[in-house]
Structure formats: C-alpha cells, structure tokens
Amino acid sequence: MAPQLAGTAVRSAPGTIGDRPVHPLKGRAKVLLTSVFGPYACDDAYGSSRINPMELYHNQVTRTQGPFSLRMFHRSWGIMLIQCNIDAPCNLLDFPTLDRFVQELKSTRYDVIGISSILVNILKVRKMCQLIRRHQPEAKIVIGGHIANLADLADRVDADHIVQGEGVEWFRHYLGEDTERPYRHPIVYSPVNMRSMGVKIPNKPGDTAATLIPSVGCPMGCNFCSTSAMFGGKGKFNTFYETGDELFNVLLGLERETGARSFFVMDENFLLNRKRALRLLELMEQHGKPWSFYLFASANVLRKYTMEELLRIGVSWIWIGLEGEDSSYGKLRGANTLEMVREFQANGIRVLGSTIIGLENHTPKNIDAAIEYAVSHGTDFHQFMLYTPLPGTALHKQLNAQGRIMGEEVVGLPEIHGQARFNYEHPHIRNGLETELLVRAFNRDFEVNGPSVVRIIETTLKGWLRHKEHPDERIRDRIRWESKELCTTWSAVVSATRRYYRGNPVMLDHLDKLQKSLHAEFGFKARLMSQVGGWFVHFMMRREARRLASGRTSEPPIFYESNYQQTGSAAEPCRYVEAVR
C-alpha cells in the first residue's frame with residue numbers, strides 16, 4: 001500500500017447517495033470488475049486456507065462426508081449484476097489467478113477497477129490494490145462486498161472508494177447513469193463444475209438451475225448476520241423486483257435463455273413477501289409453468305403457507321435456520337422444526353438445516369445435546385457454523401464493547417470465517433475446543449443420517465410416491481421431472497453406497513430397504529442400473545477417495561466476460577434478461 005494514500009478512500013453508506021462522487025468521464029469510463037485472485041483452497045501468504053475453500057457446500061455442509069461430499073462452485077453474482085446494469089464499457093474477471101489479473105492490468109487500460117471480496121480475503125485485496133497502483137496508477141479503485149463492513153478498511157487498503165451495500169445504484173450514480181431504470185437480470189447458472197462420489201454432473205440445458213436474485217439484504221436482522229449489516233441493519237434490504245409480475249417476466253426470460261425449469265433463489269427470505277409470491281403463483285398457473293424453486297426461508301415465514309401452497313408454488317428445496325432448541329431468535333419462535341422438516345420431506349421438499357455451534361448458552365457439557373437435537377431433524381443437508389461476530393455486525397459491536405473480541409495478533413482477519421475458531425472469548429468454550437466441536441457436529445450428522453446424496457434420493461422418492469398422481473397437472477409434471485433419475489442414476493448411487501457401507505450393518509439395512517423400494521417402484525430398469533451403474537459409481541467413488549487422500553484440491557475456472565463488443569477479445573459476452581415493469 002502507498003502510505004500517503006492510506007485512509008483517503010470515500011466510504012459510501014448503504015442506501016444513500018448524498019454527496020457521492022461522479023467519475024469525470026461518466027459513461028465513457030472503462031470499467032473492470034473482478035473477484036479476488038486464486039488459488040483459494042490452499043494455505044498461502046495471502047490468507048487463503050485449505051480449511052476454507054471456495055466450494056460452499058463442501059466447506060460448510062458436507063465437509064466430512066469424504067467422497068460423498070457435494071463439490072461445486074458458484075459465480076460472483078454481485079459483480080455480474082453490476083456489469084449488466086451499467087452502460088459504461090465493462091469487463092468482468094471472475095476467479096482469476098494472480099498472473100491472469102496482472103495480465104489484464106498490462107493489456108487493457110481501465111478508468112475504474114472494482115474489487116468484490118469477503119473479509120477473509122483482505123490480504124488479496126491489498127495486493128490487488130498495490131498492483132493496480134503499479135500498472136494503472138490513474139485508475140480509480142472501488143472496493144465492495146462484505147469486506148466493506150470493516151470500519152477501518154480505508155486504512156488497510158489503497159482504494160479510492162469503499163461501497164457498503166447495493167452496488168448497482170452506486171455505480172450508476174458514479175458513472176452518471178439513470179439510477180431509477182429497471183434492473184436487468186444476469187444469466188447465472190448454478191452451480192459450476194458440480195460433482196459427487198467422483199462423478200461429474202454435466203450442466204445440461206434444462207437440467208441446470210438458473211439463479212434468480214430478487215433482492216439483497218436480510219429483513220430478519222439477526223445480530224450475527226453480516227448480510228444484514230452490509231445493507232443497513234435490521235429490516236433494511238433492496239428489492240429489485242417488487243411484484244410477482246416483474247418476477248414472472250424475469251423467470252420467463254431466464255427460461256427462454258437457458259432452458260432452465262429450476263431456479264436457485266438468492267434471497268434471504270423470499271417467501272416473506274406473501275403477496276408477491278402468491279401473484280407469481282397465479283401467473284405460473286395461468287401459463288402452466290411447473291417451475292421448481294430452491295430457496296432460503298425462516299421457520300415462521302414458512303408457517304404462513306399451507307403445504308398445498310408450497311407445492312403449487314414449486315418449492316423444491318429449502319435452506320432453513322435451526323439455531324437451537326432454546327434459540328432466542330424470533331424467526332424460530334413457536335415453530336416445531338422437527339415436525340416441519342418431516343412434513344417437508346414427506347412431500348418431496350428437500351431441506352438444508354443450518355445450526356450454529358458456540359451460542360452463548362453452549363458449554364462443553366451441553367454441546368452434545370445441542371448437536372443431537374440438530375442431527376435429530378434428519379435434514380437432507382446440514383450446515384454447521386461457529387457463532388462468529390464478524391466486523392460490522394451488531395454482535396461484533398456488542399462483544400467489542402464488552403472487551404471480548406480477540407486482537408488480530410491472536411486471530412487474524414483471514415481466520416474469521418466460522419469454520420475453524422472463535423475470534424472472541426466465549427464464556428464457556430475455551431482453548432480452541434470449538435474447532436473439535438464443529439468437526440464433531442459434522443461427523444455426528446454423517447454418522448447418524450448417512451451421506452446427503454442418499455438423503456436426497458429418499459426425499460425425492462417420498463415426493464414421487466405421494467404426488468405422482470396429484471390432481472394438479474403442474475405439480476405432477478414437476479414431480480416427474482425432479483424424480484426422473486430415481487430409476488437410473490439414483491439407483492446406481494444407492495447400489496454404490498451399499499458397497500461402501502458393507503461393514504456397517506445399521507446403514508446397510510437402511511440402504512437395502514431404500515434399494516428395494518426403488519426396485520419395487522421402477523422395476524427392471526432400476527435393477528439393471530443398480531448392478532451396472534452401481535459398479536461404475538463405486539469405482540469412481542474409490543478413485544475420488546484416493547484423490548482426496550492425496551491432498552488434491554479443486555479450484556473454479558476463470559471467467560472473462562464483457563458487456564460490449566471488442567475486436568479480437570477473448571471475453572465472452574455478458575448475458576442478461578431485460579426486466580419489464
């Protein structure tokens with residue numbers, strides 16, 4: 001960092017324009033948007049760590065499931081959203097290596113370079129700022145993303161602007177563009193390079209989900225939530241599409257451009273806006289759309305919908321917080337989550353439960369009971385995270401005022417990711433015990449409930465058996481589509497898993513019953529795939545286990561995209577859907 005420039009960055013508060021600057025070139029400014037450089041799943045000098053890879057599911061959900069772990073990457077949605085919503089010429093570099101980032105700086109001149117990052121990558125952001133100052137000293141540097149929650153970020157990196165909150169409006173204002181026009185929606189496939197049991201799942205048109213981004217921010221405002229803090233705190237969020245009609249038009253566009261019929265909804269509590277959700281349902285029924293939605297929801301919001309409404313909307317997968325039996329968080333108050341999860345699964349809705357380890361009331365004596373309670377839900381997936389006060393959150397401010405936040409000489413910023421250790425003094429859990437407790441939770445869930453990939457099969461089969469003859473044609477269509485692999489791929493997976501668990505009589509008995517159910521329902525084809533396909537999947541799984549044992553890690557591919565035509569450029573075109581109000 002250039003010392004004379006440290007601390008000069010202009011910080012833009014969430015949701016305000018105020019006296020924000022405008023670039024002198026306005027819409028003629030050439031922009032580069034980039035994520036931080038890789039590799040990510042390694043221990044290096046820039047704060048990366050093997051324990052915190054870029055693979056969200058493997059990192060936080062299926063972490064100890066070995067070759068069964070779900071491996072995938074997700075694009076940097078934020079900068080994709082910004083790129084397609086500004087008219088200024090803009091290139092986007094997602095998951096570059098350090099060499100590729102330097103190559104871009106040397107080959108193309110930019111007026112504005114925006115870097116999106118989370119807190120743990122602060123050393124990478126600092127390095128990228130240094131490289132920009134060296135190779136393109138005239139470029140304005142803009143830093144955004146969750147890292148902007150860090151109050152003294154301007155003293156740590158050499159940037160011109162730090163943007164906290166929603167970036168599209170900020171960039172439009174900065175570039176002298178209309179801040180009120182409708183939001184274009186980027187075309188984002190979810191996921192990228194997915195595999196499990198050593199088998200790559202192809203991104204076939206129509207089978208791969210597209211990402212839907214209706215809003216940013218979190219209306220629930222939990223005190224530990226960095227997303228809520230990033231967009232202004234409790235109850236504050238930015239909605240891009242206010243009505244069901246707007247959402248329906250965006251979904252039509254995504255379906256047309258990608259062939260997708262399933263959508264990963266990147267919204268912290270999509271069903272909270274009941275009026276919008278029911279209007280979307282009305283339009284889906286009018287036009288016969290049997291879409292599937294994978295979404296986040298809180299228990300108390302889900303209780304406002306009947307099961308029939310959820311089925312008609314097309315809710316296929318739910319990520320739900322299960323903070324604990326005695327949780328003080330209002331989103332769980334009065335909800336019997338055990339019954340809810342069983343009802344969802346009985347209707348074919350897959351559930352990802354999320355549990356926090358290290359709440360204030362957790363002790364070495366009661367933590368096993370808390371883990372058992374979480375595991376007893378039998379969710380298809382289960383995320384475990386340490387109770388972590390990230391800078392900028394209400395929890396961090398509270399614990400800092402109490403003198404309980406550890407200094408960076410003890411726990412550095414790259415270590416504050418919730419998958420290794422506390423960054424504060426816990427009242428009961430000390431001396432690094434939390435690291436073992438977190439792994440204990442993952443292991444216990446895997447031991448009791450088995451591989452998540454098999455749990456998905458069980459839930460999908462329940463949905464098929466219950467709703468294959470549903471009177472609503474759209475629901476029948478969706479259930480048939482979601483269940484189409486039961487007699488082929490999924491039968492092979494169950495057979496391969498039986499081989500894996502030959503020495504575990506309890507799990508083997510469970511798998512035998514599942515396999516018999518598949519054979520009884522789907523007959524010869526399922527039996528054939530169990531034999532032939534099961535052998536192949538087991539072979540691939542053993543090879544994957546050896547690969548993992550050797551220490552091999554995975555990295556996402558590099559993406560380079562542009563929102564304008566460039567002669568001879570290697571950039572792919574930026575793709576988006578126009579929103580209609």
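See the structure shown above.
Residues numbered from 1 in each chain as written. Predicted model: local features only at pLDDT ≥ 70, side-chain atom pairs only at ≥ 80, totals over all residues. Heavy atoms only, no water.

Novice: Sorry, what's going on with the overall build of the chain here?
Specialist: When helices and strands are tallied, the chain shows 19 helices and 22 strands. On C-alpha atoms alone, the chain measures out to a radius of gyration of 24 Å, which is about the 25 Å that the 2.2 N^0.38 rule sets for 581 residues. Overall size of the chain, expressed as C-alpha extent along the three principal axes, is 70 × 55 × 45 Å. Evaluated residue by residue, the chain yields a buried proportion of 59% over its 581 residues. Relative to all contacts within the chain whose residues are 6 or more apart in sequence, the contacts with residues 24 or more apart total 76%. (Helix = DSSP H or I, 4+ residues; strand = E, 2+ residues; numbered from the N terminus. Rg over C-alpha atoms; globule rule 2.2 N^0.38 Å. Buried < 20%, exposed > 50% of the residue type's maximum accessible area, 1.4 Å probe, protein only. Contact = heavy atoms within 4.5 Å.)

Novice: Would you explain helix H17 (residues 489–500) in this entry?
Specialist: Residues spaced three or four apart along an α-helix point in a common direction, a consequence of the helix completing one turn every 3.6 residues. For H17, built from 12 residues, the straight-helix expectation of 16 Å at 1.5 Å per residue is met to within 8% by its first-to-last C-alpha distance of 17 Å. Within the span of H17, buried status applies to Ser-491, Ala-492, Val-493, Val-494, Ser-495, Ala-496 and Thr-497. Here the buried face of H17 lies against helix H15 (452–467), helix H18 (505–522) and helix H19 (524–549). (Expected span 1.5 Å × (residues − 1).)

Novice: I would appreciate a short explanation of H18 in the present structure.
Specialist: In a regular helix each residue adds 1.5 Å, so 18 residues correspond to 26 Å; H18 covers 25 Å between its end C-alpha atoms and thus fits that length. Buried-residue contacts for H18 involve helix H14 (433–449), H15, H17 and H19. Where H18 terminates, the next one or two residues include Gly-523, which has phi positive at roughly 70°.

Novice: Whenever I open this one, the sheet that holds strand E15 (residues 262–265) confuses me. Can you help?
Specialist: Strand pairing in a sheet takes place through backbone hydrogen bonds and is either antiparallel or parallel in direction. Taken in spatial order, the 7 strands make up an open sheet running E9-E12-E15-E16-E17-E18-E19, and their pairing is mixed. Two strands lie at the open edges of the sheet, namely strand E9 (189–190) and strand E19 (381–386), each paired on one side alone. Pairing between strand E18 (residues 350–357) and E19: 6 bridges, direction parallel. Along E19, the bridge assignment pairs Leu-352 with Phe-381. (Pairing = 2+ DSSP bridges.)

Novice: Sorry if this is basic, but what is going on with the packing of H15 against H18 here?
Specialist: Each pair of packed helices can be described by the angle between their axes along with the distance between the axes. Interhelical geometry of H15 versus H18 gives an angle of 40° and a closest axis separation of 11 Å. Considering their axes alone, H15 and H18 lie oblique with respect to each other. Judged by the sense of rotation from one axis to the other, the crossing of H15 with H18 is left-handed. Taken together, the residues of H18 that come into contact with H15 (itself represented by Val-454, Ile-457, Glu-458, Leu-461, Trp-464 and Leu-465) are His-510, Leu-511, Leu-514, Ser-517, Leu-518, Glu-521 and Phe-522. A per-class count over the contact of H15 with H18 returns 9 nonpolar, 2 polar and 2 charged. (Axes fitted to C-alpha atoms, helices over the stretch in contact; angles between N-to-C directions. Parallel < 35°, antiparallel > 145°, perpendicular 65-115°, else oblique. Left-handed = near helix turned anticlockwise from the far one by under 90°. Nonpolar A, V, L, I, M, F, W, Y, C, P; charged D, E, K, R; others polar.)

Novice: For this particular structure, what's the right way to read the side chain of Arg-547?
Specialist: If you trace the backbone, Arg-547 turns up in helix H19. Contacts of Arg-547, omitting those with residues within four sequence positions, involve Arg-195, Arg-552, Thr-553 and Ser-554.

Novice: Please clarify how the environment of Gln-566 should be interpreted in this entry.
Specialist: Mapped onto the elements, Gln-566 comes out in the loop between strand E20 (559–562) and strand E21 (572–573). Residue classification places Gln-566 among the partly exposed residues on the basis of a relative accessible area of 22%. Taking C-alpha positions, Gln-566 is 9.9 Å from Pro-89, a pair spaced 477 residues apart along the chain. Excluding residues within four positions of it along the chain, Gln-566 makes contact with Lys-30, Asn-91 and Ala-571.

Novice: Help me out: how do you make sense of the packing of helix H12 (residues 367–375) against H14 in this one?
Specialist: One can describe the packing of H12 onto H14 by two numbers: an axis separation of 10 Å at closest approach and a directional angle of 40°. Considering their axes alone, H12 and H14 lie oblique with respect to each other. The two elements H12 and H14 cross, and the hand of that crossing is right-handed. Contacts from Ile-367, Asp-368, Ile-371, Glu-372 and Val-375 in H12 reach Leu-437, Arg-440, Ala-441, Arg-444, Asp-445, Val-448 and Asn-449 in H14. Here the contact of H12 with H14 is composed, by residue class, of 6 nonpolar, 1 polar and 5 charged.

Novice: Is there a simple way to think about the pairing of E15 in this case?
Specialist: In regular strands, side chains alternate between the two faces of the sheet. Side chains of E15 alternate between two faces, with Ser-262 and Phe-264 and Phe-263 and Val-265 buried alike. Taken together, the 3 bridges between strand E12 (residues 209–212) and E15 define a ladder with parallel strand orientation. If you follow Leu-212 over to E15, its bridge partner there is Val-265. Bridge analysis of E15 against strand E16 (residues 292–296) gives 3 bridges, and the strand direction is parallel. What sits directly across from Phe-264, in E16, is Tyr-294. The β-α-β motif built from E15, the intervening helix H8 (residues 274–287) and the parallel element E16 has right-handed crossover chirality. (Right-handed = clockwise from strand over helix to strand, strands pointing away.)

Novice: Could you clarify how one ought to interpret empty space enclosed by the protein in this entry?
Specialist: Regions of empty space are outlined by a rolling probe, equal in size to a water molecule, passed over the atoms. If you walk through the whole model with that rule in mind, you get 2 cavities of 30 Å³ or more. Of the voids in this model, the second largest cavity is the one considered here, and its volume is about 50 Å³. Contributing to the lining of the second largest cavity are Gly-348, Arg-350, Thr-460, Gly-463, Ile-479, Glu-482 and Ser-483. Mapped by element, the contributors of at least two residues to the lining of the second largest cavity are H15 and helix H16 (473–482). Its residues placed into classes, the lining of the second largest cavity shows 1 nonpolar, 4 polar and 2 charged. (1 Å grid on protein atoms, 1.4 Å probe; cavity = no way out; pocket = protein on both sides within 12 Å on 5 of 7 lines; lining within 4 Å. Points joined across faces, edges and corners; volume = space filled by probe spheres on them.)

Novice: Please clarify how the pairing of E19 should be interpreted in this entry.
Specialist: Most of E19 sits out of view: 6 of its 6 residues are buried. Burial along E19 is two-sided: the residues Phe-381, Gln-383 and Met-385 and His-382, Phe-384 and Leu-386 are all buried. This β-α-β element, E18 to H12 to E19, shows right-handed connectivity.

Novice: Could you clarify how one ought to interpret the sheet that holds strand E3 (residues 71–73) in this entry?
Specialist: Taken together, the 3 strands give an open sheet; going across it, the order is E3-E10-E11, and neighbouring strands pair in antiparallel fashion. The two strands at the open ends of the sheet, each matched to only one other strand, are E3 and strand E11 (199–200). Bridge count between strand E10 (residues 192–196) and E11: 2 bridges; the pairing is antiparallel. Each residue of the ladder has a partner; that of Ser-196, found in E11, is Val-199.

Novice: How should the packing of aromatic side chains be read in this particular structure?
Specialist: In this description, an aromatic ring pair is defined by two values, namely the gap between the centres and the angle between the planes. Tallying each qualifying case throughout the model produces 27 aromatic pairs. Ring centres of Phe-68 and Tyr-500 lie 4.8 Å apart, and the angle between their planes is 85°; this geometry places the pair in the edge-to-face category. With Phe-68 in the loop between helix H1 (56–60) and E3 and Tyr-500 in helix H17, the pair connects residues that are 432 residues apart, well separated along the chain. What makes Phe-68 buried here is its relative accessible area of 2%. Assessed through its relative accessible area of 40%, Tyr-500 is described here as partly exposed. For the cation-ring pair, Lys-30 lies above Tyr-110, with the distance from its terminal atom to the ring centre recorded as 5.7 Å. The ring centre of Tyr-305 lies 4.8 Å from the NZ or CZ of Arg-274, which sits over that ring. (Phe/Tyr/Trp six-rings, centres within 6.5 Å; stacked < 30°, edge-to-face > 60°. Lys NZ or Arg CZ within 6 Å of the ring centre and 35° of its normal.)

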